[in-house]
Amino acid sequence: MNIILASQSPRRRELLGKMGLEFSIQAADIDETMDPTCPPEQEVARVSRGKAAAILADENAVIVAADTIVVCQGKILGKPHSKEEARQMLRQLAGKTHQVMTGCAVRHGDVLLHHTEITDVEFRPLAGAEIEAYLETGEPMDKAGAYGIQGMGGLFVQRLSGDYYNVMGLPVCALAQMLRQVGVRILGVANEEETF
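Residues numbered from 1 in each chain as written. Predicted model: local features only at pLDDT ≥ 70, side-chain atom pairs only at ≥ 80, totals over all residues. Heavy atoms only, no water.

**Comments concerning the packing of aromatic side chains**
Where we set the bar: Here a pair means two rings of Phe, Tyr or Trp (six-membered ring of Trp) with centres within 6.5 Å. Their orientation is stacked below 30 degrees between planes, edge-to-face above 60, and tilted elsewhere. Strands here are runs of E lasting at least two residues and helices are runs of H or I lasting at least four, both read from the DSSP assignment and numbered beginning at the N terminus. Each residue is assigned to one of three classes by its accessible area relative to the maximum for its type, calculated with a 1.4 Å probe on protein chains only: buried under 20%, partly exposed between the two thresholds, exposed over 50%.
Under the definition given, this model contains four aromatic pairs. Between the aromatic rings of phenylalanine 123 and tyrosine 147, the centroid separation amounts to 4.8 Å while the plane-to-plane angle is 70°, which identifies the pairing as edge-to-face. Placement of the pair is phenylalanine 123 in strand 6 (residues 111-123) and tyrosine 147 in the loop between helix 4 (128-137) and strand 7 (157-161), with a sequence separation of 24 residues. Each member of the pair phenylalanine 123 and tyrosine 147 is classed as buried. Site record: aromatic cluster; members linked through ring pairs are Phe123, Tyr134, Tyr147 and Phe156.

**A short note on the side chain of asparagine 166**
The condition is simple: Here a polar contact means two N or O atoms within 3.5 Å. Within protein one must be a hydrogen donor candidate and the other an acceptor candidate, and residues neighboring in sequence count only if both atoms are side-chain atoms. We call two residues in contact whenever any of their non-hydrogen atoms come within 4.5 Å of each other.
Looking at the secondary structure, you find asparagine 166 in helix 5 (residues 164-168). For asparagine 166, a relative accessible area of 0% corresponds to the buried category. A distance of 2.9 Å separates a polar atom in the side chain of asparagine 166 from a polar atom in the side chain of threonine 119. Discounting residues that sit within four places of it in the chain, asparagine 166 has contacts with Thr68, Val100, Met101, Thr102, Glu117, Ile118, Thr119 and Pro171.

**Let's talk about the packing of helix 3 (residues 83-93) against helix 4**
Filter applied, for reference: Axis definition: a line fitted to C-alpha atoms, limited for helices to the stretch in contact. Angles are taken between N-to-C directions and run from 0 to 180 degrees. An angle below 35 degrees is read as roughly parallel, one above 145 as roughly antiparallel, one from 65 to 115 as roughly perpendicular, and any other as oblique. What makes a crossing left-handed is the near helix being turned counterclockwise from the far one by less than a right angle; a clockwise turn instead makes it right-handed.
Where helix 3 meets helix 4, the closest approach of the two axes is 10 Å, and the angle between their N-to-C directions is 135°. Judged by the inter-axis angle, helix 3 sits oblique to helix 4. When the axes of helix 3 and helix 4 are compared, the crossing they make is right-handed. Between helix 3 and helix 4, the contacting residues are Lys83, Ala86, Arg87, Leu90 and Arg91 on the first element and Ile131, Glu132, Tyr134, Leu135 and Glu136 on the second.

**Quick look at the environment of alanine 133**
Summarising the element assignment, alanine 133 is placed in helix 4. Using a relative accessible area of 45% as the deciding quantity, one classes alanine 133 as partly exposed. Between the C-alpha atoms of alanine 133 and valine 189, which are 56 residues apart in sequence, the distance is 46 Å.

**Structural notes on helix 4**
Quick note on the threshold: An arc is given here, and it is the one of the directions from the helix axis to the C-beta atoms.
Taken together, the buried positions of helix 4 are occupied by Ile131, Tyr134 and Leu135. Taken around the axis of helix 4, the buried residues stretch over an arc of 100°, which confines them to a single face. In helix 4, the exposed positions that point more than 90 degrees away from the buried face belong to Ala129 and Glu136. On the buried face of helix 4, the contacting elements are helix 3. Where helix 4 terminates, the next one or two residues include glycine 138, which has phi positive at roughly 80°.

See below:
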């Protein structure tokens, strides 16, 4: 089965590869602007479905698309556009619990499956000097919420409730179940297999 990842994210590419799947990459070119008046979980779902729908492929292809946001006190924190914006995001997250939301969509022919995963992440209080040192690494600049849990940003996380891989950008457990529903075998199992 031809699987297409609708993302150029190296983290999503790594996680999908760890699921033992062969796939190609075709980035979706859509407007990812979110409406701040709508619930964040609704918006991240809409964008991920839009990415899946935007990929042109034959009817046998399976499209995997995802979009990840960080939400702190009801405000969506996307990827920072400047070092100053990243600094403000990290100060906002410091000492608080925020949510990482990933909308994940799987499209196969006329079937479009979707799941939104939400993980609670608690940051410890941060010193100004470590925020500045983290900014100098460049790591915050291409990540929602201005941090990467799989990198040095993991030093800020003191508690997590939910799917760790969701925080990296791809909820692999939920994704595996959706892929099985459209006939993709993962660990030798498709959806019709008996479970315990």
